[in-house]
Amino acid sequence: MAVTTHNRPRGTVPEQPSLLYRSEVRQVIYQALLIGGLVFAGWWVVNNVAENLQRQNIASGFDFLDRTSGFDISQTLIPYSNVSTYGRAFWAGLLNTLLVAAVGIVFATIIGFIMGIARLSSNWLIARLATVYVETVRNVPLLLQLLFWYFAVLKNLPPPRQSVALTGGGFLNVRGLYLPAPVAEPGFDAVGIAFLIGIAASIGLFAWARRRQMQTGQQFPVLWSSLALIVGLPGLLHIVLGAPLSWEYPVLRGFNFQGGIVMQPEFLALLLGLSIYTASFIAEIVRAGILGVPKGQKEAARALGLSNGQMLRLVVIPQAARIIIPPLTSQYLNLTKNSSLAVAIGYPDFVSVFTGTVLNQTGQAVEVILMTMGVFLTISLLTSAFMNWFNQRMALVER
């Protein structure tokens, strides 16, 4: 059978397909429709909420932040009283949350690393004790642990007159932990400046030592040099200036202690619960990171004559850190968000103060919830950004 072919005359332009059949055009149309739908849905929600609030005579807006709060907060890092504004209460609760989150992250990281390494110990007893800790703590609900630390431990401490005396002038009783408070004297500013200079010099020294090691293979005692800069330099200046720092010790007067720094039992219970609970998950992350280091790296370190401590510090941990850091970020975020359970034991965190008391007194539910969501979203994004930057710094760089 003969096949006929149609030859296009030379010089003619091929027909262009319709715009709707072009993939890039369809993608733009679909995205425009999606954005339009989202904008319409957002407008509908906002308009519906505004109409309902107006119908029920409920005030809207953020003017309530300038009104007097009329309630006290048991623990604040900034001056606050019952004549302060709701905006001041916002910052007081936020700082309380940031305080327990920051301190909890430090303690959870230290405990988690110790327990993670202990699980891999060659000592049978240490390894089993670490395993019992991890498997027990991480399988008990966090709320139950907070209640245990608060009611079963801290609330059973002796009264102030029978306080447990601690080394260094501190006291522990049912009303909290009392510690000496530093009091800056004239001239102490110079010591603080020397401390900041020591930190900056230590960072520069670490960068220089790392470049030197990459180029020559020679190590520099960064740890001891940094301690000399951060501790020795301010300490020497502190002695030269005549010790411009004194201590205010807590003293029992009547039925309670006066002076010093007091950590309330609510704060201690929340800190202990969050730190110990999160550390059990960090321990497993650390154990998995160490096991992820190739066995040949450890054998090579032993062949070079390194001790177990040197092998762990110089070979294993630096390589395991690249495995540990990404999941570690999630645990830091979990600890920060879990601090909202503080309302169960009466600690005045951000959720308890703002979403609880302020919301109940003002009735500004929409504004308060939006601000609460914005705060936790901001904290999570900043934490993730920092950990991602740190992870990139620890990543392997090919030469």
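Report on the accompanying structure. All figures in this text were calculated on a predicted structure; none of them were measured in a lab.

Procedures and definitions
Residues numbered from 1 in each chain as written. Predicted model: local features only at pLDDT ≥ 70, side-chain atom pairs only at ≥ 80, totals over all residues. Heavy atoms only, no water. Helix = DSSP H or I, 4+ residues; strand = E, 2+ residues; numbered from the N terminus. Rg over C-alpha atoms; globule rule 2.2 N^0.38 Å. Buried < 20%, exposed > 50% of the residue type's maximum accessible area, 1.4 Å probe, protein only. Contact = heavy atoms within 4.5 Å. Axes fitted to C-alpha atoms, helices over the stretch in contact; angles between N-to-C directions. Parallel < 35°, antiparallel > 145°, perpendicular 65-115°, else oblique. Nonpolar A, V, L, I, M, F, W, Y, C, P; charged D, E, K, R; others polar. Phe/Tyr/Trp six-rings, centres within 6.5 Å; stacked < 30°, edge-to-face > 60°. Pairing = 2+ DSSP bridges. Polar contact = N/O pair within 3.5 Å; in protein donor to acceptor, adjacent residues only side chain to side chain. 1 Å grid on protein atoms, 1.4 Å probe; cavity = no way out; pocket = protein on both sides within 12 Å on 5 of 7 lines; lining within 4 Å. Points joined across faces, edges and corners; volume = space filled by probe spheres on them. Salt bridge = Lys/Arg side-chain N within 4 Å of Asp/Glu carboxyl O. Patch = residues over 30% accessible without salt bridge, like charges linked within 9 Å, V, L, I, M, F, W, Y side chains within 5 Å. Areas by Shrake-Rupley, 256 points an atom, 1.4 Å probe, with all protein chains shown as cover.

1. Things to note about the overall build of the protein chain
- Looking only at helices and strands, the protein chain features eleven helices and eight strands.
- Against the globule reference of 21 Å for 399 residues, the protein chain gives a C-alpha radius of gyration of 30 Å, more extended than a compact globule.
- Along the first, second and third principal axes, the C-alpha atoms of the protein chain reach 110 × 75 × 50 Å.
- Taken over 399 residues, the protein chain has a buried fraction of 32%.
- Restricting the contact set of the protein chain to residue pairs at least 6 apart, pairs at least 24 apart contribute 67%.

2. Quick look at the packing of helix H2 (residues 86–119) against helix H10 (residues 350–362)
- For the pair H2 and H10, interaxial distance at closest approach is 7 Å and the crossing angle is 155°. By the angle between their axes, H2 is roughly antiparallel relative to H10. For the pair formed by H2 and H10, the contact residues are Tyr86, Ala89, Phe90, Gly93, Leu94 and Thr97 on the first element and Phe350, Val353, Phe354, Val358, Gln361 and Thr362 on the second.
- Here the contact of H2 with H10 is composed, by residue class, of eight nonpolar, four polar and no charged.

3. Section: the packing of aromatic side chains
- A complete count under the given rule lists 16 aromatic pairs for this structure.
- On the numbers, 6.0 Å between centres and 35° between planes, the contact of Phe40 with Trp43 is tilted. Here the residue Phe40 and the residue Trp43 both occupy positions in helix H1 (residues 23–55), the gap between them amounting to three residues, near one helical turn. Per residue, the accessibility class of Phe40 equals that of Trp43, and both read exposed.

4. Describing the sheet that holds strand E1 (residues 164–166)
- If you walk across this open sheet you meet the four strands as E1-E2-E3-E8, and the pairing is antiparallel. Looking at the sheet topology across the chains shown, the edges are occupied by E1 and strand E8 (261–263). The mean angle between the axes of side-by-side strands here comes to 20°, regardless of whether they run parallel or antiparallel.
- Pairing between E1 and strand E2 (residues 170–173): three bridges, direction antiparallel. When the sheet's bridge partners are listed, Leu166 is paired in E2 with Gly170.

5. Section: the pairing of E2
- Count of turn residues in the E1/E2 antiparallel hairpin: three residues, of which Gly168 carries a positive phi of about 100°.
- Sheet analysis places E2 next to strand E3 (residues 176–179), joined by three bridges and oriented antiparallel. Residue pairing across strands places Leu172 opposite Leu177, the latter belonging to E3.
- Between E2 and the antiparallel strand that follows it, E3, lie two residues.

6. Quick word on the environment of Thr372
- Residue placement: Thr372 occurs in helix H11 (residues 365–394).
- Other than its neighbours up to four places away in sequence, Thr372 contacts Phe350, Phe354 and Thr355.
- A distance of 2.8 Å separates the side chain of Thr372 from the backbone oxygen of Val368, its partner in a polar contact.

7. Observations regarding the layout of surface pockets
- When its volume is computed, the second largest pocket comes out at roughly 330 Å³.
- In this structure, the second largest pocket is lined by 13 residues; those nearest its centre are Ile117, Leu120, Ser121, Met311 and Leu312.
- Top contributing element to the lining of the second largest pocket by residue count: helix H9 (residues 308–338), with five residues.
- Residues belonging to the lining of the second largest pocket are distributed by class as follows: seven nonpolar, four polar and two charged.

8. What about the side chain of Thr278?
- Inspection of the secondary structure assignment puts Thr278 in helix H7 (residues 265–291).
- If sequence neighbours within four positions are ignored, Thr278 has contacts with Ala108, Gln331 and Leu335.

9. Looking at the environment of Leu120
- Within the secondary structure, Leu120 is located in the loop between H2 and helix H3 (124–137).
- Leu120 has contacts with Arg287, Ile290 and Leu291, leaving out every residue within four places of it along the chain.

10. Examining the pattern of salt bridges
- If you walk through the whole model with that rule in mind, you get three salt bridges.
- In this structure, the salt-bridge partner of Glu135 is Arg138, at a minimum N-O distance of 3.3 Å.
- Using a relative accessible area of 26% as the deciding quantity, one classes Arg138 as partly exposed.
- In this structure, Arg287 and Glu284 form a salt bridge, with 3.1 Å as the shortest nitrogen-oxygen distance.

11. So, a nonpolar patch on the surface
- The grouping of Phe40, Trp43, Trp44, Val45, Val49, Val366, Ile369, Leu370 and Met373 at the surface amounts to a nonpolar patch, some 900 Å² of accessible area in total.
- Of all the secondary structure elements, the ones that give two or more residues to the nonpolar patch are H1 and H11.
- Following the sequence through the fold, Met373 ends up in helix H11.
- Relative accessible area serves as the criterion here: at 54%, Met373 is assigned to the exposed category.

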